[in-house]
Amino acid sequence: MKYLPLLFLVLVACTAEPPPPPIPMGGADGLIPLPAELAVDTTRPPIQVRAVKWHFPTEWSDSLSIAPNWVFPGGEPKGTEPVDVRVERVDGLAQEGYTLTVGEDIRIEASTAAGAFRGLTTLRQLAPPDCERFDRCRDGFALPQLTIADAPSYRHRGLLLDVCRHFMEVEFVEQVIDGLALHKMNTLHWHLTEDQGWRIAIDAYPRLTEVGAWRTEADGSVHGGFYTKDDIRRIVAYAAARHITVIPEIELPGHSRAALAAYPELGCTGEELPVPNDWGVFKDIYCAGDEATFAFLEQVLTEVLELFPSEYIHIGGDEAPKVRWEACLKCQNRIATEHLHDEHELQSYFIGRIGQWLAAHGRKLIGWDEILDGGLPDGATVQSWRGLDGARQAIAQGNDAILSPTSHCYLDYPLAATDMEEVYGFAPEDVSGGPGRVLGGEVNLWSEHAPQHLVESKVYPRASAFAEVMWTPPARRDFTDFLDRLEVHYDRLDGMRVDYGLETVPVVMESQTDPATGTLVAVVEPAMRGVTGIAGFVPTGQDCPASVVEFGEPMEVEGEGEVWTEVEHRYRVLMDPPRFPVAGHVGLTATRTTIGHDLNPYYPGGGERGLNDGLLGSMDFRDGRWQATSGTDMHLHLHFDAPIEIDSITVRTYRYQNAWIFDPSLIEFMWSTNGSDVWEATEVRPPAPLARNDEQGIARWSAAVGGRRAWAVRVTLKNPGACPAWHDAASEPTWLFADEVVVHGRQVR
């Protein structure tokens, strides 16, 4: 009988229910944007969500129909004993406000379906990131007991997506919308017409997509595409299900070359023009003096309004050169008959007339801040991109404003110009002081240099930071805390297969010069969390470094070349890691460097020593290494305490004529053989610097000196003059860009 208790225990163990499998823990440590109010109750145990039972108000059944799949994209937990998720309608909360309570059940209260959806989105972010992946949360998860009271700081929180410079597929646009909804953004500003492509089908004008939607690239390939009306209805409905409004942008009067390629008679000259395959601002725009232009635009907008139920329609209004209007008899007649002062007031007339038409059809106009020029049309909302002065001017006049300054909101800009911390530091609350309102803001993704496969890496995580700026009260925002939450958020983005990019330039290179020998010593350091890698110097003409060092270790640079890096972040090796053009040369032993031109505040390129610091510019002329002048010459003077022997002197310049950057007309190289008044010189004349050249790149101008001894070096770059007549900015001053005067040779011992 003494064995019976043991047998009993064995039988119980064999017949008892097995314990439930362990489940992952969710929480608030990955919430982006951060709620306005959040309180976690650590005194009570977490609840276990092994299954859910949904409860929705009947009147919201359609507008919240995607909720279960939205909250659990990888599938709902499939256990027993479900937790009730109750969505209830209450009065008195903000338009997109909600409360969320996790206790014995999960309760979301809101006054609108949009507010309820934002609360459901918070529930999605409270769940473990693994729930984004198929069947990873089938056994459920745990949540801490907590309460949230939340509402956005601004009513308009958006992303501009330019699908004109590079066309993007319908499924990809839907993927972009999912990302916006996850971050509680509520507006997709869809840029649909542009110089380089017309992307929306218009029945009355089929050539807009037959001709205007396609361009022949420089290599002979054809790029293009457009959205049918069914495509657009699908995207608008997809966004609406996620409580996102799609605002179309139909550009006028400028950025209209694709339309003019299809219908040349809409321009001032009637000239047949191709759809451009390059970027920039073009002087051919809609004719403001021809009634046919307004008939065309009103018909286009009639069909646009049928597709987009948005309160606002964006009409562009930016970067419209007036050179064609100045020479157009019809436009000049319009100025006279409408008693306008000049072409700027003609643009105001143009925008105002379209605004009146939209108002008569129950819609409101948004335009870029150039619509302020010549007088702001009544009721127009200004989207301020050239800083914030346009927004301040608009609200002072009683108009509304949307904030998109290039300084914080242009996600097509490289990380060196606008990184995530810069975006997070944006303070929209600083814009105030008038009867008008700041509706909110947008981050902009212009796609000149962002085809579809690069878009997400440019948008995220910078748009994550912007979403928090637009939603979370300023007193609650803290960048260090945001970075901590972003680490969890990355796991969620991984689950959604978002190809996010970097927070900032992943590595920086510091350099020092030995004044005695001119040796350049470079050190590459990580510039953000979680970055590791190696670096090495690759001389020009070679394919790989002779040796590599880990980040943080020094390397010597002799001659011209690049410091290559291999960078890893979050277990991913960067496919296009940073490279740093450098030059170790005897000119770095100069004891004094002076320049004879004024430093441009936008392109100071390292200041007084910037043209003699061993740091060369990249193909991005905004990288901080390029020094520039507008309309004037550039001068550099190097002084040496002891003579040097010079083999050659080189200067590199940048050319990008679309950005008004031209070759110099003359480069003069001089060296002093006695350090005072005896100078020898040679010069290089670039061929036809003002002739059209669509190639964007770096030119290298050199002079052989033949081992001459010298105590000083002077280099002068002559400005070629104003933009030529063929250029869209004819008569405007040209720019000169230079990065380094490289003196090859040796010290005299």
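Residues numbered from 1 in each chain as written. Predicted model: local features only at pLDDT ≥ 70, side-chain atom pairs only at ≥ 80, totals over all residues. Heavy atoms only, no water.

Turning next to the sheet that holds strand 6 (residues 106–110). Strand order in the open sheet made by the 6 strands is 1-8-5-6-4-3, with mixed pairing throughout. In this open sheet, the two edge strands, each paired with only one partner strand, are strand 1 (37–40) and strand 3 (52–55). The mean inter-strand angle of the sheet, taken between neighbouring strand axes irrespective of direction, is 10°. Taken together, the 5 bridges between strand 5 (residues 98–102) and strand 8 (residues 146–150) define a ladder with antiparallel strand orientation. Within strand 8, the residue paired with Val 102 across the bridge is Leu 146. Packing of helix 3 (residues 113–126) onto the sheet brings it into contact with strand 3, strand 4 (83–89), strand 5, strand 6 and strand 8, and relative to strand 5 it is tilted by some 35°. (Pairing = 2+ DSSP bridges. Helix = DSSP H or I, 4+ residues; strand = E, 2+ residues; numbered from the N terminus. Axes fitted to C-alpha atoms, helices over the stretch in contact; angles between N-to-C directions. Contact = heavy atoms within 4.5 Å.)

This part takes up the state of the cysteines. Under the definition given, this model contains 1 disulfide. Here Cys 268 stays free of any disulfide, with the sulfur of Cys 328 as its closest cysteine sulfur at 3.8 Å. Judged by its relative accessible area of 22%, Cys 268 is partly exposed. (Disulfide = S-S within 2.5 Å. Buried < 20%, exposed > 50% of the residue type's maximum accessible area, 1.4 Å probe, protein only.)

A complete count under the given rule lists 31 aromatic pairs for this structure. Between Tyr 424 and Phe 482, the ring centres sit 4.9 Å apart and the planes meet at 35°, which makes this aromatic pair tilted. Of the two residues, Tyr 424 is situated in helix 14 (residues 420–424) and Phe 482 in helix 17 (residues 479–495); the sequence distance between them amounts to 58 residues. The two residues Tyr 424 and Phe 482 agree in class, both being buried. Of note, Arg 242 hangs over the ring of Tyr 238, and the distance from its end group to the ring centre comes to 3.6 Å. (Phe/Tyr/Trp six-rings, centres within 6.5 Å; stacked < 30°, edge-to-face > 60°. Lys NZ or Arg CZ within 6 Å of the ring centre and 35° of its normal.)

Next up on the list: the pattern of salt bridges. Counting across every chain of the model gives 51 salt bridges. Put simply, Glu 291 and Arg 334 hold a salt bridge, and the shortest N to O gap is 2.8 Å. Of this pair, Glu 291 sits in helix 8 (residues 291–307) while Arg 334 is found in helix 10 (residues 329–337), placing the two residues 43 residues apart along the sequence. With a relative accessible area of 40%, Glu 291 lands in the partly exposed category. One continuous salt-bridge network, built from bridges that share partners, spans Asp 84, Arg 86, Glu 88, Asp 105 and Arg 107. (Salt bridge = Lys/Arg side-chain N within 4 Å of Asp/Glu carboxyl O.)

The parallel closed barrel is built from 8 strands, whose spatial order is 9-10-15-16-17-18-19-20. Neighbour-to-neighbour, the strand axes of this sheet turn through a mean angle of 30°, independent of strand direction. Pairing between strand 15 (residues 245–252) and strand 16 (residues 312–316): 2 bridges, direction parallel. If you follow Glu 249 over to strand 16, its bridge partner there is His 314. Relative to the sheet, helix 12 (residues 389–396) contacts strand 18 (381–384), strand 19 (401–403) and strand 20 (438–445), its axis offset from that of strand 18 by approximately 160°.

What follows covers the pairing of strand 10 (residues 187–191). Where burial is concerned, most of strand 10 is hidden: 5 out of the 5 residues are buried. In strand 10, alternate side chains face the same way, and those of Thr 187, His 189 and His 191 on one face and Leu 188 and Trp 190 on the other are all buried. Strand direction decides the pairing type here: strand 9 (residues 156–162) and strand 10, joined by 5 bridges, are parallel. Within strand 10, the position partnered with Asp 162 by the bridge is His 191. A crossover links strand 9 with its parallel partner strand 10, the connecting element being helix 4 (residues 170–182), and its sense is right-handed. One ladder, built from 5 bridges, connects strand 10 with strand 15; its direction is parallel. Residue pairing for strand 15: Trp 190 is matched across the bridge by Pro 248. (Right-handed = clockwise from strand over helix to strand, strands pointing away.)

Right, let's get into the nonpolar core. With 144 residues, the main nonpolar core has Trp 190, Trp 198, Ile 200, Tyr 227, Tyr 286 and Phe 308 as its most contacted residues. Leu 638, Trp 671, Trp 701 and Ala 738 belong to the second-largest nonpolar core, a separate cluster that totals 28 residues. (Core = buried A, V, L, I, M, F, W, Y, C linked by side-chain atoms within 4.5 Å.)

All right, on to the environment of Asp 576 then. Note that Asp 576 resides in the loop between strand 27 (572–573) and strand 28 (579–584). For the pair Asp 576 and Glu 566, spaced 10 residues apart in the sequence, the C-alpha separation amounts to 8.8 Å.

Within the sequence span of helix 12, burial applies to Gly 390, Ala 391, Ala 394 and Ile 395. Axial view of helix 12: buried residues confined to an arc of 125°, hence all on one face. Looking at the buried side of helix 12, the elements it contacts are strand 18, strand 19 and strand 20. Among the residues trailing helix 12, Gly 398 stands out with phi positive, at a value near 95°. (Arc of directions from axis to C-beta.)

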